[in-house]
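Fold and geometry: a report
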Amino acid sequence: MEFARGGRTVRSVGFFTELAPGWGFPAEGSLAEAVREFGEADESRVVSYLRGGTWIWAEMGAERDVLDLEGPTLVSAGSLCTDGAWVWREDLSYYLATYHLALPDAFVARVRELAYSPPVVPESRLFEIATRDLGISMDQA
């Protein structure tokens, strides 16, 4: 497996400056600047892929759409999902479907290579991502 920059074992997608927490991943610029008028032809399949990722961290609570304060409340927006190689916030699927965001070519290429079907992520890999990449302590006191 290719390791991401900074010693991380996963790459991040969708960690925009307007969204918090960022978990120490570098901000990918402004969400507002990633908005496009139209999505890719396969956008709905990419949205489904994002929604089918394995949850690695669940956030309780809800957040408003940061681009439309009159928009819906997004439950568990800061939760994290993964496909074992990439990690993203749970609300990325909403923002992609609603605002047709420009996502990194490498991420979209992976989604297409996997035929829009996120792989099952083994528990050992989830543990590695949680402890090494997210800094979550799994120690039992």
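From a predicted model like this one, the values you see are computed outputs, not experimental measurements.

Looking at helix α3 (residues 92-99)
- Counting buried residues along α3, six of its eight residues qualify, which places the element largely inside the surrounding structure.
- Regarding α3, the residues found buried are Leu92, Ser93, Tyr94, Tyr95, Leu96 and Tyr99.
- Just beyond α3, the residue with positive phi is His100, at close to 55 degrees.

Re the packing of helix α2 (residues 43-51) against helix α4 (residues 105-113)
- In the contact formed by α2 and α4, the axes pass within 10 Å of each other and the chain directions differ by 85 degrees. Relative to α4, α2 is oriented roughly perpendicular. Between α2, through Val46, Tyr49 and Leu50, and α4, the contact on the second element is made entirely by Phe107, Arg110 and Val111.
- Classifying every residue of the contact of α2 with α4 by side-chain character gives five nonpolar, no polar and one charged.

Some details on the packing of aromatic side chains
- With the rule as written, the count across this model stands at nine aromatic pairs.
- Taking the centre distance of 4.9 Å and the plane angle of 35 degrees together, the rings of Phe15 and Phe25 count as tilted. One end of the pair, Phe15, is in the loop between β1 (11-12) and α1 (31-34); the other, Phe25, is in the loop between β1 and α1, with ten residues separating them in the sequence.
- On the basis of relative accessible area, Phe15 is assigned to the buried category, the value being 2%.
- The exposure class of Phe25 is buried, given its relative accessible area of 7%.
- Judged by centre distance (5.4 Å) and plane angle (75 degrees), the ring pair of Trp23 and Trp57 falls under edge-to-face. Taken together, the positions of Trp23 in the loop between β1 and α1 and Trp57 in strand β2 (residues 54-57) put the pair 34 residues apart, joining distant regions of the chain.
- These aromatic residues form a ring-pair network of at least three members: Tyr49, Trp86, Trp88 and Phe107.
- For Arg8, the ring lying beneath its charged end belongs to Phe25, and the centroid distance is 4.0 Å.

Basis of the calculations
- Residues numbered from 1 in each chain as written.
- Predicted model: local features only at pLDDT ≥ 70, side-chain atom pairs only at ≥ 80, totals over all residues.
- Heavy atoms only, no water.
- Buried < 20%, exposed > 50% of the residue type's maximum accessible area, 1.4 Å probe, protein only.
- Helix = DSSP H or I, 4+ residues; strand = E, 2+ residues; numbered from the N terminus.
- Axes fitted to C-alpha atoms, helices over the stretch in contact; angles between N-to-C directions.
- Parallel < 35°, antiparallel > 145°, perpendicular 65-115°, else oblique.
- Contact = heavy atoms within 4.5 Å.
- Nonpolar A, V, L, I, M, F, W, Y, C, P; charged D, E, K, R; others polar.
- Phe/Tyr/Trp six-rings, centres within 6.5 Å; stacked < 30°, edge-to-face > 60°.
- Lys NZ or Arg CZ within 6 Å of the ring centre and 35° of its normal.

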